[in-house]
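Observations on the model geometry
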Amino acid sequence: MTIDPSIGPERARAVFDEELARSGSADLLQALRHRWVARSGSWMAAFMEGVARAAPEQKKALGRGANDLKKHVETALEARETALAAARRPAGAVDITLSGRAPRLGWRHPLSLIRDQVGAIFSRLGYQVLEGPEIEDDYHNFEALNMPADHPARDMQDTLYLAEPLMPATYDAPPRGRAPRGPQPLTLLRTHTSAMQIRQMERQDPPVRLVAVGPVYRRDNLDLTHTPMFHQVEGLVVGRGVTLADLKGTLTSMAAALFGSGQAVRFRPSFFPYTEPSAEVDIRCIRCHGDGCPMCKRTGWLEILGSGMVHPAVFEYVGYDPDEVTGFAFGMGIERVALLKWGVEDIRLFYENDLRFLEQFGR
Ligand SMILES: [Zn+2]
């Protein structure tokens, strides 16, 4: 209804109540407020002008009527605004009628799964699980493992040496053994976790029973089966009367735990500078079960690790008496186990962070 103060406050009040009843939203309510109480052009402004223009004897009655209307309009607007605000959902409110949104859970990396599984197998057998430095000195990585200065594995072609050697302050001289004190002329990224054998034997009297797990580095180009960084697990047991039979029993039970019970294992004579005798260990091909297939190059066997009885020269480096103690050691590539266990054909898949690949192996 257009603004027409001539209808008088009583009739205007009925008009307002009618309009209020139709103003169900905050926007409509705001428009209503503007139309009724704005400083100019509103119903109230028109009434007040009428009061101002009225004859002196009418002013009092008209003024009371206008004031009563104004009070009624403002009280009603305020009450309706409060009610609307109370009914409005607070910002960020949760609509509990919607179905839940499940949090997206991560997956452990397949290499972590193998590493943890191997760690768990050996923890149960009473081994310590160690990590150790990835930046190693030449002595712990090579020399104390019976690889003297002219050993081919020390070649710059195979090993990543640091341009600057580590200063003596960062080199903790071991309590025992022949480790050189003072500056280390050559520092490198460890080429195997075997350096941890030496570090632990320098610190601990026999018996020793440890596995060391972690990344190792070689000068390899990336291809289907090689990466410049990969992961190894290294095992070492030293004590009185430790024999080759203990080594075979341990590795046979590890193969069963990793690849399933009844997993056949064979030992082939081999050579490593830090073990004597040495053996490569194969498992029966998990794809063809020995019949011969492309995965095992038709041999029926898959090579998984190297092992042997600790060379007496290694014991001499760490100050153990080779007449008193014997021991065995083994080293295995985590990637190698993962490739075989899951039939993955390209090692690079483990490093490309493609979730469609990484999510296939369980949590
Ligand atoms: Zn096969």
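Predicted model only: the values in this text are computed from it and were never measured. (Residues numbered from 1 in each chain as written. Predicted model: local features only at pLDDT ≥ 70, side-chain atom pairs only at ≥ 80, totals over all residues. Heavy atoms only, no water.)

Brief notes about the environment of Val 233
Considering the arrangement of structural elements, one finds Val 233 in strand E5 (residues 229-239). For Val 233, a relative accessible area of 0% gives the class buried. The sequence separation of Val 233 and Phe 361 amounts to 128 residues, and the corresponding C-alpha distance is 20 Å. Setting aside residues no more than four positions away along its own chain, Val 233 makes contact with Val 118, Thr 193, Val 211, Ala 212, Val 213, Phe 330, Gly 331, Met 332 and Ile 334. (Helix = DSSP H or I, 4+ residues; strand = E, 2+ residues; numbered from the N terminus. Buried < 20%, exposed > 50% of the residue type's maximum accessible area, 1.4 Å probe, protein only. Contact = heavy atoms within 4.5 Å.)

As for the domain arrangement of the chain
When its domains are assigned, the chain resolves into domain 1 (5-87) and domain 2 (110-358). A separation of 90 Å is found between the C-alpha centroids of domain 1 and domain 2. (Domains from an automatic or database assignment.)

With respect to the coordination of the zinc ion
Tetrahedral metal sites with four donors have an ideal angle of 109.5 degrees; octahedral sites with six donors have ideal angles of 90 or 180 degrees. Bound to the zinc ion on the protein side are Cys 285 (SG), Cys 288 (SG), Cys 293 (SG) and Cys 296 (SG), at distances that span 2.2 to 2.3 Å. Here the donor residues for the zinc ion map to a single chain with the spacing C-x2-C-x4-C-x2-C. Like Cys 288, Cys 285 is buried. (Donors = N, O, S within 2.8 Å, 3.2 Å for Na, K, Ca; no water.)

Brief notes about the nonpolar core
In terms of nonpolar packing, the biggest core is built from 42 residues, with Phe 122, Leu 258, Leu 305, Phe 328, Phe 330, Met 332 and Phe 350 touching the most fellow members. Apart from residues lying up to four places away in sequence, Met 332 is in contact with Val 118, His 231, Gln 232, Val 233, Met 254, Leu 258, Ile 304, Leu 305 and Val 337. Grouped together as the second largest cluster of nonpolar side chains are 27 residues, Phe 142, Ile 198, Tyr 274 and Val 314 included. (Core = buried A, V, L, I, M, F, W, Y, C linked by side-chain atoms within 4.5 Å.)

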